[in-house]
Amino acid sequence: MNADLVIIVTAILVSAASALLGTFLVLRRMALLSDAIAHAVLPGIVLAYWLTGGERASLPALLGASAAGLLTVSLVEWLSRTGKVKNDAAIGIVFPALFSLGVLAVSLYFRNVHLDMDAVLYGEIAYAPFNTHPVGGLEVPESWLVMGSLFLLNLGFVLLFYKELKLATFDAGLAAALGFAPGALHYALMALVSITSVGAFQSVGAILIVAFLIVPPATAFLLTRRLPVMIGLALGVGVVSSLVGYGLAIWLDASIAGMMATVAGLCFALAFLFAPQEGYLSRWLRRKRERLEVAARLLVAHLAHHDRAVPEPEALEEFGWNPRFLQQVKDRAVQQGWLEVVAEGLRPTPAGLAISRGRLVPEG
Amino acid sequence: MTAHSTTDAQPPLSVRDLTVVYHEKPVLWDIDWEVPAGRLCAIVGPNGAGKSTLLKAVLGLLPRASGQVWFFGKTLAQARARIAYVPQRGTVDWDFPTSVLDVVMMGLYGRLGWFKRPGAPEREAALRCLEQVSMQALAHRQIAQLSGGQQQRVFLARALAQNADLYFMDEPFAGVDAVTEEAILRVLHQLKQQGKTVVVVHHDLETVRAYFDHLTLLNVQVIASGPMEATFTPENLKRTYGERMTGASLPMAPSG
């Protein structure tokens, strides 16, 4: 089978499976916890390898990892509940502890097994075409089977429990009061994050999986305030980063997973700068427009106190503005029909006089 | 505690020996408390008296060290469908990507049960509830764009959608505009006319007598509880708020 196709489809399945869960992680403010889980699943994986003694251990590794993931979440919650440690510190204590146990185990007992630290940390999606599994006489890439199943599992979970997830994420108190077991949903979500992290770690590694879980939903959140659209956009950003990332990685002969995560980061940067509502640029323009609006009203209100036209230098001195800002304010006020520029200086129009008697802050 | 002896049904809320401990310190101590049916009941007390904690503990949202709670003579699990709770609006993230109508429909999820999605009848019901708080024009607005008072009215509409018999509201009047205050009062009186019972955590001694007809004074323990006129006395207020509260500063003037 075409190696490019195997890798691209694997990447798309990883990003889609991750974005589905990541949307709820971002909305629940649990992005950091997913980072912790992605690292802390390592001892679970090692344990599963040790128990089965195999080269590759898909199902036991998935189960071991989800156990380790749930252990992480429980330990973090238990530590924060004692009140002696804040939540972020609890995360920072639990996951290095579990991760270092995993690192020790790998270095001590698994020197000869195909489970080296580089593969754990960075993954190697380029190997995806070499591991195949016969299905009905066809050699199907193993990564397709694993990530395809995880994608369907996560999709089924989100579709089936969409209403319950939405309620428990927005208002866990009401979810509990209505009998929707938000605690059970929380642990189910965490278990799926753990399993997805393990399934994906052969492809993208324990570090970059976080980029797939968090960056596309965080990007989508800048672009919309509707949940279904947010999920759709997160999936879209994931797919685009997979495709563009692969193309760039081949072109530059760079790490494939690394390039995909980089492209996802670039998507976020673009949304951060240029999103229509929440973007930096539109916020900056909005603030600038509002500042000019207030300044224009201020200027007109000041002029209204004089029964003659006020020369520009006098206005400049009065407000301590620089000439360029005065020019912008003047343009704004003229455009609004509040001000006219005559030979002797600046003079308010009747409309300007009317608003100078009104409120400074516009309606709405 | 209460002088009422309801002969017909069980009271909407009955609490026995409720104690809540937080970090080895009691925040509620040995609460015996009963709320009679069809009343607008205010819970009043100083900061840190445990007013919100009392609501949460009663509703099983916080662990209790001891005590039993009965709703209409039944347990919380049995009576769940008859109870609605309006939390303080700061308890949720208003940046959440959803619309006003969607939040109100959440009040109907309990009736829908697991898996079933809301449809046209639920949208209709939610719109009617928004109308009751004068918010129908904003039904499709994203909740991130609401003012504080509008947020409070959305929460109120969501509780109305639950169509409960017993309502708990945590500081609904805190920091809201005049329009919202009026809307809340209108809803309270409507609920009372329908024979529902409403329990409200309130912070303002100036308005408590005008807005409510039953009063519970709380300061870790229940200091007094009963009909407004009999309970809103200088002695009871002094016992609740401490001696520093003199008669002169107590708002005992006849209210509106």
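Throughout this document, residue positions are counted from 1 along each chain, in the order its sequence is written. Chain labels run from A onward and ligand labels from 1 onward, assigned in the order the entries are written. Under the rules for a predicted model, residues below a pLDDT of 70 receive no local features and side-chain atom pairs below 80 are neither given nor counted, while totals for whole chains, interfaces and linings still include all residues.

1. Comments concerning the overall build of chain B
Moving on, step 1. Strands here are runs of E lasting at least two residues and helices are runs of H or I lasting at least four, both read from the DSSP assignment and numbered beginning at the N terminus. Assigned secondary structure in chain B consists of 10 helices and nine strands.
Moving on, step 2. The atom set for the radius of gyration is the C-alpha atoms, and the globule formula is 2.2 Å times the number of residues raised to the power 0.38. The C-alpha atoms of chain B give a radius of gyration of 18 Å, which matches the 18 Å a tight globule of 256 residues would have.
Moving on, step 3. Summarising its shape, the C-alpha atoms of chain B cover approximately 55 × 40 × 40 Å along the three principal directions.
Moving on, step 4. In chain B, once contacts between residues fewer than 6 apart in sequence are set aside, the share between residues at least 24 apart is 70%. Two residues qualify as being in contact provided that their C-beta atoms, derived from the backbone, are within 7 Å of each other.

2. What about the sheet that holds strand S3 (residues 40-44) of chain B?
Residues and elements named next belong to chain B.
Moving on, step 1. Read from one edge to the other, the open sheet built from six strands follows the order S5-S6-S7-S3-S8-S9, with strand pairing classed as mixed. Edge positions in the sheet fall to strand S5 (83-86) and strand S9 (221-227), since each of these pairs with one other strand and no more. When strand polarity is set aside, the average angle formed by the axes of neighbouring strands in this sheet is 15 degrees.
Moving on, step 2. By this definition, two strands are paired if DSSP reports at least two bridges between them. Relative to S9, strand S8 (residues 214-219) runs antiparallel, the two being bridged by six bridges. Of the residues in S9, the one forming a bridge with Leu 215 is Gly 226. Under this scheme, a helix contributes an axis fitted over its contacting stretch, all axes are lines through C-alpha atoms, and angles between N-to-C directions fall in the 0 to 180 degree range.

3. Remarks on the packing of helix H9 (residues 182-223) of chain A against helix H10 (residues 227-252) of chain A
Residues and elements named next belong to chain A.
Moving on, step 1. H10 packs onto H9 with a crossing angle of 125 degrees between their chain directions and a minimal axis gap of 8 Å. In this view, H9 runs oblique relative to H10, as classed from their interaxial angle. In the packing of H9 onto H10, the handedness of the crossing is right-handed. Across the interface between the two elements, Phe 212, Pro 216, Pro 217, Thr 219, Ala 220, Phe 221 and Leu 223 from H9 touch Met 230, Leu 233, Ala 234, Val 237 and Gly 238 from H10.
Moving on, step 2. In this count, Pro and Cys sit with the nonpolar residues alongside Ala, Val, Leu, Ile, Met, Phe, Trp and Tyr, while Asp, Glu, Lys and Arg are called charged and the others, Gly among them, polar. Residues belonging to the contact of H9 with H10 are distributed by class as follows: 10 nonpolar, two polar and no charged. Angle categories are assigned with fixed cut-offs, so that under 35 degrees is roughly parallel, over 145 is roughly antiparallel, 65 to 115 is roughly perpendicular, and the rest are oblique. In this scheme the handedness of a crossing depends on how the near helix is turned from the far one: anticlockwise by less than a right angle means left-handed, clockwise means right-handed.

4. Comments concerning the domain arrangement of chain A
Moving on, step 1. An automatic or database domain assignment supplies the start and end points of every domain. What the domain assignment reports for chain A is domain 1 (3-274) and domain 2 (280-357).
Moving on, step 2. Each of domain 1 of chain A and domain 2 of chain A has a C-alpha centre, and these two points are 55 Å apart.

5. A short note on helix H14 (residues 323-335) of chain A
Moving on, step 1. A helix's residues, less one, multiplied by 1.5 Å, set its expected span. When the terminal C-alpha atoms of H14 of chain A are compared, their 18 Å separation across 13 residues agrees well with the 18 Å that a helix rising 1.5 Å per residue should span.
Moving on, step 2. Positioned one or two residues after H14 of chain A, Gly 337 of chain A has a phi angle of 80 degrees, which is positive.

6. What about the sheet that holds strand S2 (residues 25-35) of chain B?
All names here are of chain B.
Moving on, step 1. Taken together, the three strands give an open sheet; going across it, the order is S2-S1-S4, and neighbouring strands pair in antiparallel fashion. Of all the strands in the sheet, just S2 and strand S4 (66-71) have a single pairing partner and so form its edges. Here the strands of the sheet are splayed against their neighbours by 20 degrees on average, with no regard to which way each runs.
Moving on, step 2. Inspection of the sheet shows strand S1 (residues 13-22) paired to S4 by five bridges, in the antiparallel sense. Each bridged residue has a counterpart across the sheet, and for Ser 14 the counterpart in S4 is Trp 70.

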